[in-house]
Amino acid sequence: MPDSRRSWIPTPPDHDFPIQNLPFGIFECAGRAARPGIRIGDVVVDLKELGLAGGDTLNRIAPEASAIRQRVSELLDENNADLRDNPAVRERVLIPAESVTMRLPFAIGDYVDFYSSLDHASNVGRMFRDPANPLLPNWRHLPVGYHGKSGTVVAGGRDIRRPKGQISHDNITPIYSPARRLDFELETGFFIQAPGRIFGMVLLNDWSARDIQRWEYQPLGPFLSKSFATSISPWVVTMEALEPFRVDPPPQDPPVVPHLAEARGFNYDIHLEVWLQPAGEREPVRVCRTNFQNMYWTMSQQLAHLMSNGATVRTGDLCGSGTISGPEPGSYGSMLELAWNGARPIRFPGGSERTFLEDGDTVIFKGWCERGHRVGFGDLRASILPA
Ligand code: CA
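These numbers were taken from a predicted model, which means no experiment stands behind them.

S.K.: Would you mind going over the side chain of Asn59 with me for this structure?
M.R.: Note on placement: Asn59 falls in the loop between β3 (43-46) and α1 (65-76). Of the polar contacts made by the side chain of Asn59, one reaches the backbone nitrogen of Ala107; its length is 2.8 Å. Only 3.2 Å separates the side chain of Asn59 from the backbone oxygen of Thr315, close enough to count as a polar contact. The contacts of Asn59, once residues within four sequence positions are left out, are Phe106, Ala107, Thr315 and Gly316.

In structure tokens, the structure reads:
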């Protein structure tokens, strides 16, 4: 059934943050220290000023978030006059989004990045291993992942400095140099609300230095090629807001082991795009269009796998989906795949070509659901600074 609720704060139909969304974030602005907020349209609802929540992270309020969001939803409903017709309170509680600075939504204890897109894993396997047999034997039996670095996760549009590291052209001798094969990875992330419970989702850019990765990753996997920065969109879209966009996951073949089997698993129909504006080009160009529902492993399977050895998870832990690619060339979620390891440069209207990211390039991720109403994540944008 379509959700036709409206707010007295109007939002155009293509806006990411209508009353059906109401994502949580942590913001600060002139005269106000970091605090929780809820976004609607182009304003931020100050939850501290409303007396609904305090603190400078969402960790402590996560258990009550559903009730808080419900209360804010009532206050913003077009038929509710409590806040609408009280200009003095409204003035204190609503802040223009353009005047706030977004902080990390959670104090992130642990950050794990998975590798759960069949198309992405197959592309990488085709490029670097065996085109006829691209997946390693474990891939269809567990959601492959590794522990990343939570300390360098940044919220929102912070620019990213090109990392330096060991790279080797002959795979025998290294040099220490700025990375030359800097890449984005289009991912989503989910935050843990409590053990076994997911709070909500963000867009996630797992910046990757492919040349550093190539030299360092054997035998233990990626390390400094990923740890220099991970960007997330600052507004956490709740699983409640995403509920109308739930879809069946793709069939898993062969059937997974019993502790990862789901009676009824679910994915989400989330449209995802990457836009790239090379330095010197006038406008960004869309280079990737894909969908989260392509993912082979579900978030609940990732979480079950994460806890299956007895390891604890804590509120605010962050899990990355892994690069999200679709089956067609225009749906690949990294430069590595889009330009096929340098073999097929991407051409732009102003004459630029790219195989990897150059200094001054701007990368923009977009993500949204749409079925009668729209629920989006807001743009995740960052430019590359020189090393
Ligand atoms: Ca990744």
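Moving on, there is more to tell.
S.K.: Would you mind showing me how to read the pattern of salt bridges here?
M.R.: Should the charged atoms of two oppositely charged side chains come close, the side chains can pair. Counted according to the given criterion, the structure contains 25 salt bridges. Here Asp46 makes a salt bridge to Arg32, at a shortest N to O gap of 2.7 Å. In this pair, Asp46 sits in strand β3 while Arg32 sits in strand β2 (residues 32-40), placing the two residues 14 residues apart along the sequence. Of the charged contacts in the structure, one is a salt bridge between Lys226 and Asp206, with a shortest N-O distance of 3.3 Å. Taken together, the positions of Lys226 in helix α6 (residues 224-227) and Asp206 in the loop between β14 (197-205) and β15 (208-209) put the pair 20 residues apart, joining distant regions of the chain. It is possible to trace a salt-bridge network through shared partners that takes in Arg32, Arg35, Asp46, Glu49 and Arg92.

S.K.: Explanation requested: unusual backbone geometry in the structure shown.
M.R.: The phi torsion of most residues other than glycine is negative, and most of the peptide bonds are trans. Cis geometry is adopted by the peptide bond preceding Pro219, which originates at Gln218 and carries an omega value of 5°. Inspection of the secondary structure puts Pro219 in the loop between α5 (210-216) and α6. For the bond running from Asp253 to Pro254, omega is 5°, close enough to zero to count as cis. With respect to the helices, strands and loops of the structure, Pro254 is situated in the loop between β18 (246-247) and β19 (267-268). Residues other than glycine seldom take positive phi values, yet Asn171 does so here, at roughly 65°. Turning to its location among the elements, Asn171 is positioned in the loop between β10 (164-167) and β11 (175-178).

The rules behind each value
Residues numbered from 1 in each chain as written. Predicted model: local features only at pLDDT ≥ 70, side-chain atom pairs only at ≥ 80, totals over all residues. Heavy atoms only, no water. Helix = DSSP H or I, 4+ residues; strand = E, 2+ residues; numbered from the N terminus. Polar contact = N/O pair within 3.5 Å; in protein donor to acceptor, adjacent residues only side chain to side chain. Contact = heavy atoms within 4.5 Å. Salt bridge = Lys/Arg side-chain N within 4 Å of Asp/Glu carboxyl O.

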